[in-house]
Amino acid sequence: MTDPRICSIEGCCKPCKSRGYCRAHYARLLRHGDPLAGGLPKGAAQKALQDAINHSGDECFIWPFGKTAAGYGVIMLKSVHTYVHVHVCKTAHGPKPDGHEVAHGCGNPSCCAPKHLRWATPHDNLMDKRVHGTMPIGERHCHAKLTDAQFAEIMALKGVATARELATRYAVSDRTISAYWAGRLRASH
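So, how was this worked out
Residues numbered from 1 in each chain as written. Predicted model: local features only at pLDDT ≥ 70, side-chain atom pairs only at ≥ 80, totals over all residues. Heavy atoms only, no water. Helix = DSSP H or I, 4+ residues; strand = E, 2+ residues; numbered from the N terminus. Rg over C-alpha atoms; globule rule 2.2 N^0.38 Å. Buried < 20%, exposed > 50% of the residue type's maximum accessible area, 1.4 Å probe, protein only. Contact = heavy atoms within 4.5 Å. Axes fitted to C-alpha atoms, helices over the stretch in contact; angles between N-to-C directions. Parallel < 35°, antiparallel > 145°, perpendicular 65-115°, else oblique. Nonpolar A, V, L, I, M, F, W, Y, C, P; charged D, E, K, R; others polar.

Colleague: Explain the overall build of the chain to me, please; I cannot follow it from the model alone.
Modeller: A count of helical and extended segments in the chain gives seven helices and four strands. When the elements of the chain are put in sequence order from the N terminus, they spell out α-α-β-β-α-β-β-α-α-α-α. Relative to the 2.2 N^0.38 estimate, which gives 16 Å for 189 residues, the radius of gyration of the chain is 25 Å and therefore markedly larger than a compact globule would have. For the chain, buried positions account for 33% of its 189 residues.

Colleague: In this structure, what is going on with the side chain of Asp 128? I would like to understand it.
Modeller: Along the polypeptide, Asp 128 turns up in helix H4 (residues 122-132). For Asp 128, the contacting residues outside a window of four places in its chain are Ala 103, His 104 and Arg 118.

Colleague: Help me understand the environment of Ala 27 in this model?
Modeller: Along the chain, Ala 27 turns up in helix H1 (residues 23-32). Considering only alpha carbons, one finds Ala 27 and Lys 17, ten residues apart in sequence, at a separation of 9.9 Å.

Colleague: Sorry if this is basic, but what is going on with the packing of helix H5 (residues 148-156) against helix H7 (residues 174-182) here?
Modeller: Two quantities define a packed helix pair, namely the angle between the helix axes and the distance between the axes. Direction vectors running N to C along H5 and H7 enclose 80°, while the axes themselves pass 10 Å from each other. Comparing the axis directions of H5 and H7 gives the class roughly perpendicular. In this structure, H5 uses Phe 151, Ile 154 and Met 155 to contact H7, whose residues at the interface are Ile 177, Tyr 180 and Trp 181. In terms of residue class, the contact of H5 with H7 is made up of six nonpolar, no polar and no charged.

See the structure below:
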């Protein structure tokens, strides 16, 4: 007879949380409808990492497992969360030079193909983002309060309407409008 305080999944010795399952199996039950669903086969992520390191093609190698909100692949190596593209770049191109970061030649943050990665200065990496169209400028910026069309309207109304009138219309401060007009805020395209 099994101990009711231990997970009912064969081979699992963790304490029971709910419905006869440990915390992990219960979470899988809720997420997938099956306490054994989900998860990766043992070693699958490490195999994918090795495949990425050995990738010699010109096409992107998209990381198939865990990713950050920005799309960068992550993996646990020696109990530490590691960015896949950084690990691959170190393996393929040597240690990180001082003041450098990984740049993606393809512009895809999920790519970890060695041919697409290189060490670059932050300035060079920003210039790459401009070329790829992945730099968050205008309405794509996380702090943008106005659309690109609204910004264009504000710029067209310079000298026609006051900053205070436009600030009221677009629900921003008149200092924001003045900063737009002076070119201190919001990068041009």
